[in-house]
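# Coordinate analysis (summary)
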Amino acid sequence: MSVTIFQLDRSRSERAVWLMEEVECPYDIRFFARLEMLAAEPAYKALHPLGSSPVIEADGQRIAESGAVMDYLATTQGNGALRANPGDSDYADYLFWFHFTESSLMPALVMEIMAERAGIAQDHPSRVAGRAHSARLLKLVDDRLTHAPYMAGDRFTAADIMMTFPFTTTRLFMSVDVEGHKNIAAYVGRMTARPAYCRMRAIVDHPPIT
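A quick note: this is a predicted structure, and the numbers were derived from the prediction, not measured.

## Let's talk about the overall build of the protein
On a plain count of helices and strands, the protein comes out with eight helices and four strands. Along the chain direction, N to C, the helices and strands of the protein fall in the order β-α-β-α-β-β-α-α-α-α-α-α. Relative to the 2.2 N^0.38 estimate, which gives 17 Å for 210 residues, the radius of gyration of the protein is 17 Å and therefore close to what a compact globule would have. Its C-alpha atoms give the protein principal-axis dimensions of about 50 × 45 × 30 Å.

## Overview of the sheet that holds strand 3 (residues 55–58)
If you walk across this open sheet you meet the four strands as 2-1-3-4, and the pairing is mixed. The sheet terminates laterally at strand 2 (28–32) and strand 4 (61–64), the two strands that pair on one side only. The sheet shows a mean angle of 20 degrees between the axes of neighbouring strands, taken without regard to direction. Two strands pair when backbone bridges link them, and strand 1 (residues 3–8) and strand 3 are joined in this way by four bridges, in the antiparallel orientation. Paired with Phe-6 across the strands is Val-55, a residue of strand 3.

## With respect to empty space enclosed by the protein
In this approach, a probe sized like a water molecule rolls over the atoms, and the result shows the empty space that is left. Following the criterion strictly, the structure yields one cavity of 30 Å³ or more and no others. Computed from the structure, the largest cavity encloses a volume of approximately 30 Å³. Together, Glu-14, Arg-15, Trp-18, Ile-161, Thr-164, Phe-165, Thr-168, Tyr-197 and Met-200 line the largest cavity. Those elements giving two or more residues to the lining of the largest cavity turn out to be helix 1 (14–23), helix 6 (158–164) and helix 8 (195–205). No other element matches helix 1, which puts three residues into the lining of the largest cavity.

## Topic: the layout of surface pockets
Taken as a whole, the largest pocket spans an internal volume of roughly 680 Å³. Residue lining of the largest pocket: 27 residues in total, with Arg-12, Arg-34, Ser-52, Ser-53 and Val-110 positioned closest to the centre. Top element by residues in the lining of the largest pocket is helix 4 (residues 91–117). It accounts for seven residues. Of the residues that constitute the lining of the largest pocket, the class distribution is 14 nonpolar, six polar and seven charged.

## Let's talk about the packing of aromatic side chains
Under the criterion given, the structure shown has nine aromatic pairs. Look at Tyr-150 and Phe-156: their rings are 6.2 Å apart centre to centre, the planes differ by 85 degrees, and that puts the pair in the edge-to-face class. Pair check on accessibility: Tyr-150 and Phe-156 agree, each one buried. An aromatic cluster of three or more residues is present, and its members are Trp-18, Tyr-150, Phe-156 and Tyr-197.

Rules of the game
- Residue positions are given per chain, counting from 1 as you read along its sequence in written order.
- Local features in this predicted model are restricted to residues of pLDDT 70 or higher, and side-chain atom pairs are both shown and tallied only at a pLDDT of 80 or more, whereas totals for entire chains, interfaces and linings draw on every residue.
- Only hydrogens and water are set aside when side-chain values are computed; all heavy atoms of the structure are taken into account.
- Only runs of H or I of at least four residues qualify as helices and only runs of E of at least two qualify as strands under DSSP, and these elements are numbered from the N terminus.
- The quantity called the radius of gyration is restricted to C-alpha atoms. Its globule counterpart is 2.2 Å times the number of residues to the power 0.38.
- Between any two strands, pairing holds if DSSP finds at least two bridges.
- Axis definition: a line fitted to C-alpha atoms, over the contacting stretch in the case of helices. Angles run 0 to 180 degrees between N-to-C directions.
- Here a cavity is any set of points on a 1 Å grid over the protein atoms alone where a 1.4 Å probe fits but cannot get out, and a pocket is any open set with protein on both sides within 12 Å along at least 5 of 7 lines; a residue lines the site when it has an atom within 4 Å of a point.
- Grid points are joined across faces, edges and corners, and a volume is the space filled by probe spheres set on the points.
- For this scheme, ten residues count as nonpolar: Ala, Val, Leu, Ile, Met, Phe, Trp, Tyr, Cys and Pro. Four count as charged, namely Asp, Glu, Lys and Arg, and the remainder, Gly too, count as polar.
- Here a pair means two rings of Phe, Tyr or Trp (six-membered ring of Trp) with centres within 6.5 Å. Their orientation is stacked below 30 degrees between planes, edge-to-face above 60, and tilted elsewhere.
- Classification of residues uses two cut-offs on accessible area relative to the type maximum, computed with a 1.4 Å probe and protein chains only: under 20% is buried, over 50% is exposed, and between them is partly exposed.

This is the structure in structure tokens:
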């Protein structure tokens, strides 16, 4: 199976690169830049009708949407080593944390990013409520990490690839309280020290000059 990752600078598509590096499966990568105001270049938006990152191509079929892309890769690459399956003791936790990232945590963080860009005052009731909601979500994550070293339990899975992004690349766009949550901070340290993560960073942070 041939896989091409369309890598948009500072975007969720880096998760796909990390996963492929973890399972050590071959893939191609094409790099795309962001324009002013962080919009993706038109060539990236044209890759899929959704017009956002991530997008991959697998055997001639374009796949978009973070959860779909990562579920597809976790299922088809590396003999499914990075996913949990029905019957596994960690299956329910895997599903919850895999989807929690984009269904709950990232929407809360993105709302804060958009409010900041729109110039909404920090003391506006909507921003106060938004920060309180984000804090509850971060506490949920931190509490989880008091009981398990990884999001799904005792082993590294694609749920960890999904969950690390809000505490790494997302912080290029807004402040996310990692240091104030000791378990999250320790978790991020472990994740970013993984050899495959370091390889991913070297790839996406230094695209070839064209």
